Structures are given as C-alpha cells and as structure tokens.
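Per-entry structural report
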Amino acid sequence: MMGRSILAYIPVNIANLIVSFGAIAILTRLLTAAEFGRYALAMITMLAFHMLCMTWLEAAMERFRARAEREGDVASHLKTLYKYGVFTSALFWALFMTALAFIPMDTGLKTAIMFANTSTCLQLFLNLGLEAHKASHRIKRYSATFTAKQILGFVFGIGLILFTPLREAAPFLGIVLAVIICLIFDLPFMLKRMRGGTAESERIKAYFKYGMPISISLVLTYALASGDMYIISAMMGDASAGEYNAGYNLANRSLDMIFVWIAMAVTPIAVTAMEKEGLEESKSVMKDYGAALLWIAMPAATGIALVAEPAGFILGEAVRDEAVKIMPLIAFAGVLNGMISYYAQRAFMLSGKTQMFVWAMVPPVILNIGMNIILIPKFGLMGAVYATVAAYALGFVMAVIVGRRYYPLPLPVKAFMQISFACLVMAGVVMALPISNTMPDLIEIMISASVGVTVYGLICFGIDAANCRELIKGLVTKFRGKSSMAPSEVTP
C-alpha cells in the first residue's frame, strides 16, 4: 500500500520540481542578488507566519480526519476547522498588516511581505481542503488541485515580474491569483461535505491543544533552516542573503521534495493504522517509512554534493559563485533536517504529545543562532553552513530521544548502514569517472547521475538495502500488470 501511495503522488512532485527549480533558475536571472535576497526574506517571513498562526488548523485536519470518520461526524470536523479558519486568517491578516505599517524597512521588502501575507491567509482555505483530500486518500483531487496551484502561481509570478514594476513582490501576487482560481473549484466541493455539520467550540479547543505545539515546533524547526537568513542579511547585506538562499534552495529543495513526497503518501496511512488497528500496525508502517526515506534521500544528497559545481549553471550569475560553495554540506544537512521534520516528529504526532517536540527544538535553535553570530564574521556564508549542520545534528538526536519516550519510533540503523555503504561506493565510482573539464555542465551532470544511479541501484539490490528488493519487485509487478491489460479492460 505504501508503494502504491508513493507512486500516486508523482504528479505533485513533478509540479514541485518544475516550480522549485524553475523559480530558482528564472528568479536569479530576472532579479538582482539584492532583490532575490528580499524575495527570499519575504518568503521566509510568510512561511514562518503561516506555520505559527495557521498550521495548527491544517495539522488537526490531517490528524483527526480518520477519527471523525470512525465516529461518523466528518461534517462537523470540517465545518469547525473552516469556520475557525476564517476567523483566524482575518484576525491575523489585519494584525500583521497593521504592525507592518509601523515597522521601518526597505520599501521593496515591505511590499513583498504585504503580498506574501495576503497569499498565506488565502492559502489556508486551500490547504485545509488539500489536507482533507490527503487524509481521505482522495489522491487524484489532491494532486490536481496542488499541481494547478503550483503551476499557475509560478506562471503568474514570472509574468508579473516581466510586465509590472512589482519585482520581488510579483511572485506573491501570482500565488494570490493562483489560490483564488483553485478555490473557485475546490471550495464548493468541501462545502458540500460540511452540510449537516456544526462548528463546535469544544472540538476546536482540542484541535488547538493538539495543533498549536506542532505550529510552534515547526516554526522552531524552520528557524533552524532559515533563521540564519536574517542574520546574514543584517551582517552581510541582502545580496549575500540572496546568494545563501539560492545555494541552500538548490541543494536542499530536491531533498525536501523527496521527504514531502514520501511523507504525504505514508503519514495518512500511519495515522489510519494508529486509529483503526493500533500501535503495532503503526510501528510496522513507520519502520518501512524510515527506511524508505533514507533509501531515497541519502543517495540524492550524495549526488548533489558530487555535482554541486556543474549544477551551478542553473543559477543566475549574480548569485552563482558563492552559492555553489555551500551546496555539498547543505545537501547532507538537508537529510538531517528531513529526518527531524518528517520522521522523528511523527513520534510526537502519533502519540499526541506534540507539545514536547517544542522543547526538543529549543536547544538546537539557540545553538544555531549563537553559532551564526560567532562564525559568520570569521567564515562568511560557510559559517552559517557550519552552524546549520551542527544545529540539525543536535536537533535530530534530541527529537529522537524525547520522541521515543512517548512512541516507540523504530530506528532504521541497519538500513542506514547499508545505504551509507552503497552511497560510498557510488561516490567513489562517480569521482573516478574520466570527465573532461571542457565538457558542458549539463552533460557532466547527466553522465554522473546515470552512473551513480546505476551503481547505487545495483549495490542496494545486491545487499537488499532497506528491503528494497520487495519494493522494486512490487513496482515491476504493478507496471507489468498495467501494461498487460487489454484495452477493453481499461476503465475510461
């Protein structure tokens, strides 16, 4: 079931891939380094604001959907979240805009943050629907809605940069327009499922108690990943912040997509297993989940580190030289970050002890801030990288130790050792390739990736790393079954 669910979310990740790398490639060319730095700061501010104020509603939608179905009260579950979502988004939009009016800052940055605030408040209602679709295993509707929002927002944003004077604010207005279009189609669908339900104050109190610690912990986790941007901007300027963000995103974004892809497919399965079949079944799901995360993410990080320099052609010249220097270490830091956010955190979610994740994240955030302040003056952007790696390592250790007090989270140690061996062999073979310095960057990447994937796949299959033989055989059987179906057997 896990493999089928992962495959079903492929369209979502293709859209994420196009938008993420398309945005990096195009925005770093259309915007100056300083403009891209202000865009990145506005994006970080928007995401942090959304996580703190609104993610608790989205988390409750996902976590309590199976319980509401079991109790036969899905309509009230949905209506409660949407009603309080309207109140929350309107309140915080007004408060944020009022505060922003009195904060002195660059006009371009302020305009970008204003549009970003509007986009995130509107996006709450689309996200609630997306979480409901995911929790109910309506994968096709989830994929179609999410993909449409990503592609439309990307296209509108680029068009607005080209044809309006909005510059770094344009991508956020593009998101606003895309969300409005998607809500026109998705909101009526969700309203039908709320009929007969009632918005219950006691229910929302339980949801808040569960979800707000998740929101706070996500903000803390996000501070590990992006808080250094504010420090870099203050100490080195907006242009340096743009260079750091470009390199960080190019190295980390593909890894983040891998973690999100597998998490969106498996988390609803784990929650359903916990609610309907009990602890042991959820542990079985989580064991396979952890191994699958490492099996895909670790070789991806190794590959990014190996081709960091030629991959720099994706970036605009304004940010390229400094950005590629930070990519190798950021790639491996991204694996730690993903294991914190999408694996260790699940122990707190499944046990309901979400408030404890907050305390587990406080020491890494303090360490990250302190090390950034000390190391950036000495090492420049690499100082921020060193701080990030150290903070992620501490964060993962603390999340696992604290989380296992409340939920017996399986540790895929054997899979980690097998995958590490396969990655080392892959790296050795790729580094030994006789590639000429005059070879075009894209060709070099394609050759290195092809050889690396082949070597890694053979090693993993040979030693059965992370029980991959079963997964691979299942996928082959699935595709053979599809291809052998006669035309008359295919449902139109």
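Residues numbered from 1 in each chain as written. Predicted model: local features only at pLDDT ≥ 70, side-chain atom pairs only at ≥ 80, totals over all residues. Heavy atoms only, no water.

So, the overall build of the protein chain
From N to C terminus, the protein chain includes 18 helices and zero strands. For the protein chain, whose C-alpha radius of gyration is 22 Å, the value lies close to the compact-globule estimate of 23 Å for 492 residues. Based on the C-alpha atoms only, the size of the protein chain along its principal axes is roughly 70 × 60 × 50 Å. Taking all 492 residues of the protein chain together, 54% fall into the buried category. Intrachain contacts of the protein chain at a sequence separation of at least 6 include 82% that bridge at least 24 residues. Accessible surface, the protein chain: about 21300 Å² in total, of which carbon and sulfur atoms supply 68%. Counting 39 positive and 30 negative side-chain charges, the protein chain places the centres of these two groups 8 Å from one another. (Helix = DSSP H or I, 4+ residues; strand = E, 2+ residues; numbered from the N terminus. Rg over C-alpha atoms; globule rule 2.2 N^0.38 Å. Buried < 20%, exposed > 50% of the residue type's maximum accessible area, 1.4 Å probe, protein only. Contact = heavy atoms within 4.5 Å. Areas by Shrake-Rupley, 256 points an atom, 1.4 Å probe, with all protein chains shown as cover. Lys, Arg positive; Asp, Glu negative; His and termini not counted. Charge placed at Lys NZ, Arg CZ, Asp CG, Glu CD.)

As for a nonpolar patch on the surface
Nonpolar side chains collect at one region of the surface, where Phe313, Leu442, Ile443, Met446 and Ile447 lie side by side and expose about 420 Å² of accessible area between them. One can find Phe313 in the loop between α12 (308-311) and α13 (317-351). (Patch = residues over 30% accessible without salt bridge, like charges linked within 9 Å, V, L, I, M, F, W, Y side chains within 5 Å. Salt bridge = Lys/Arg side-chain N within 4 Å of Asp/Glu carboxyl O.)

What about the nonpolar core?
Residues Phe172, Tyr244, Tyr289 and Ile419 are the most contacted members of the largest nonpolar core, which totals 153 residues. Ranked by residue count, the leading element in this core is helix α10 (residues 238-276), at 19 residues. Discounting residues that sit within four places of it in the chain, Tyr244 has contacts with Asp228, Met229, Ile232, Ile326, Ile330, Leu381, Ala384, Val385 and Thr388. (Core = buried A, V, L, I, M, F, W, Y, C linked by side-chain atoms within 4.5 Å.)

Looking at the packing of aromatic side chains
What the rule picks out here adds up to 12 aromatic pairs. Judged by centre distance (5.5 Å) and plane angle (35 degrees), the rings of Tyr39 and Phe172 are tilted. Pair noted here: Tyr39 is in helix α3 (residues 33-53) and Phe172 is in helix α8 (residues 170-192), with a separation of 133 residues, a long-range link. As far as burial versus exposure is concerned, Tyr39 and Phe172 are alike and both buried. On the basis of an interplanar angle of 40 degrees and a centroid distance of 5.0 Å, the ring pair of Phe348 and Phe357 is categorised as tilted. Its relative accessible area of 1% is what places Phe357 among the buried residues. Site record: aromatic cluster; members linked through ring pairs are Phe36, Tyr39 and Phe172. (Phe/Tyr/Trp six-rings, centres within 6.5 Å; stacked < 30°, edge-to-face > 60°.)

Details of the pattern of salt bridges
With the rule as written, the count across this model stands at 14 salt bridges. Residues Glu35 and Arg167 are paired through a salt bridge, measuring 2.8 Å at the closest nitrogen-oxygen approach. Highlighted residues: Glu35 in helix α3 and Arg167 in the loop between α7 (139-163) and α8, separated in sequence by 132 residues. Through salt bridges with shared partners, one network takes in Arg38, Asp106, Glu168 and Asp238.

What to know about the packing of α7 against α8
Axis separation between α7 and α8 bottoms out at 7 Å; the angle between their running directions is 150 degrees. It follows from the interaxial angle that α7 and α8 lie roughly antiparallel. α7 and α8 meet at a crossing whose hand is right-handed. Along the lines of polarity and charge, the residues of the contact of α7 with α8 split into 16 nonpolar, four polar and three charged. (Axes fitted to C-alpha atoms, helices over the stretch in contact; angles between N-to-C directions. Parallel < 35°, antiparallel > 145°, perpendicular 65-115°, else oblique. Left-handed = near helix turned anticlockwise from the far one by under 90°. Nonpolar A, V, L, I, M, F, W, Y, C, P; charged D, E, K, R; others polar.)

Remarks on the packing of helix α9 (residues 201-236) against helix α14 (residues 354-379)
In contact at an axis separation of 8 Å, α9 and α14 are set at 5 degrees when each is read in the N-to-C sense. One element, α9, and the other, α14, form an angle in the roughly parallel class.

Quick look at the layout of surface pockets
Approximately 1100 Å³ is the volume found for the largest pocket. As for the largest pocket, its lining consists of 33 residues, and the residues nearest its centre are Ser254, Ile258, Pro299, Ala300 and Val453. For the lining of the largest pocket, the secondary structure elements donating two or more residues are α2 (10-30), α10, α11 (279-306), α16 (413-431) and α17 (441-463). The element best represented in the lining of the largest pocket is α17, accounting for eight residues. Of the residues contributing to the lining of the largest pocket, the split by class is 27 nonpolar, six polar and no charged. (1 Å grid on protein atoms, 1.4 Å probe; cavity = no way out; pocket = protein on both sides within 12 Å on 5 of 7 lines; lining within 4 Å. Points joined across faces, edges and corners; volume = space filled by probe spheres on them.)

A word on unusual backbone geometry
The residue Asp464 is not glycine, and still its phi comes out positive at about 55 degrees. Within the element layout of this structure, Asp464 appears in the loop between α17 and α18 (468-483).

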